[in-house]
Amino acid sequence: MSTIVRKKISELKPHPYNEEIYGTNESIDELVASIRKTGKVATLIITDDNVIISGHRRWKSCQRLVEEGNTRFNSVNCEIEHFVDSLDEIESLIIYNDTRIK
């Protein structure tokens, strides 16, 4: 069972394996432009400890928009999922992001 909550982007942390799997040079420019235009940010998936499982690019995009002065994106909807262990988290990190280039 999962719960939807509103979290400040400053409370969220990237999963430690996200950069190892997906790298650090992935552009978010198009996503930032889309969020700026539509005002919509899909719900992020996080752990009980505010670690992002799905939504790293959305999180970074919101950070950039806030840095630009758009405080509307100071917080985002998050779905808290409960994971059995770290392997379960990593498997979900890969599954939720299966459309991303790895």
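Residues numbered from 1 in each chain as written. Predicted model: local features only at pLDDT ≥ 70, side-chain atom pairs only at ≥ 80, totals over all residues. Heavy atoms only, no water.

Quick notes on the overall build of the protein
Moving on, step 1. When helices and strands are counted, the protein shows 4 helices and 5 strands.
Moving on, step 2. When the elements of the protein are put in sequence order from the N terminus, they spell out β-β-α-α-β-β-α-β-α.
Moving on, step 3. Its C-alpha atoms give the protein a radius of gyration of 13 Å, near enough to 13 Å, the size a compact globule of 102 residues would have.
Moving on, step 4. A principal-axis box enclosing the C-alpha atoms of the protein has dimensions of 40 × 30 × 20 Å. (Helix = DSSP H or I, 4+ residues; strand = E, 2+ residues; numbered from the N terminus. Rg over C-alpha atoms; globule rule 2.2 N^0.38 Å.)

Considering the pattern of salt bridges
Moving on, step 1. This structure, assessed with the given rule, holds 2 salt bridges.
Moving on, step 2. Here Arg-64 makes a salt bridge to Asp-29, at a shortest N to O gap of 2.6 Å. In this pair, Arg-64 is assigned in helix α3 (residues 56–67) and Asp-29 in helix α2 (residues 29–38), connecting sequence segments 35 residues apart.
Moving on, step 3. Overall, the relative accessible area of 47% leaves Asp-29 in the partly exposed class.
Moving on, step 4. With a closest N to O distance of 2.9 Å, Glu-68 and Arg-36 form a salt bridge. Here Glu-68, found in the loop between α3 and β5 (75–80), pairs with Arg-36, found in helix α2; they are 32 residues apart in sequence, far enough to count as distant. (Salt bridge = Lys/Arg side-chain N within 4 Å of Asp/Glu carboxyl O. Buried < 20%, exposed > 50% of the residue type's maximum accessible area, 1.4 Å probe, protein only.)

Remarks on the sheet that holds strand β2 (residues 13–14)
Moving on, step 1. Spatially, 5 strands are ordered β1-β5-β3-β4-β2 in an open sheet, and the strand pairing comes out mixed. Each edge of the sheet is formed by a strand with only one pairing partner; in this case those strands are β1 (3–8) and β2.
Moving on, step 2. Pairing of β1 with β5, which is carried by 6 bridges, proceeds in the antiparallel orientation. Paired with Lys-8 across the two strands is Ser-75, which belongs to β5.
Moving on, step 3. Here α3 sits on the sheet and contacts β2, β3 (44–46), β4 (51–54) and β5; the angle it forms with β4, its principal contact strand, is near 120°.
Moving on, step 4. Packing of helix α4 (residues 86–96) onto the sheet brings it into contact with β3 and β4, and relative to β4 it is tilted by some 45°. (Pairing = 2+ DSSP bridges. Contact = heavy atoms within 4.5 Å. Axes fitted to C-alpha atoms, helices over the stretch in contact; angles between N-to-C directions.)

Overview of the pairing of β5
Moving on, step 1. In this structure, β3 lies alongside β5, joined through 3 bridges in parallel fashion. What sits directly across from Leu-44, in β5, is Cys-78.

Digging into the nonpolar core
Moving on, step 1. Core analysis: the biggest nonpolar cluster contains 16 residues, and Leu-12, Leu-44, Ile-46, Ile-52, Trp-59, Val-76 and Cys-78 have the highest contact counts within it.
Moving on, step 2. With 5 residues, the next largest nonpolar core counts Tyr-22, Ile-45, Phe-83 and Leu-93 among its residues. (Core = buried A, V, L, I, M, F, W, Y, C linked by side-chain atoms within 4.5 Å.)

Some words on α3
Moving on, step 1. An ideal rise of 1.5 Å per residue puts 16 Å on 12 residues; α3 measures up with 16 Å between its terminal C-alpha atoms.
Moving on, step 2. Along α3, the residues that are buried comprise His-56, Arg-58, Trp-59, Ser-61, Cys-62 and Leu-65. (Expected span 1.5 Å × (residues − 1).)

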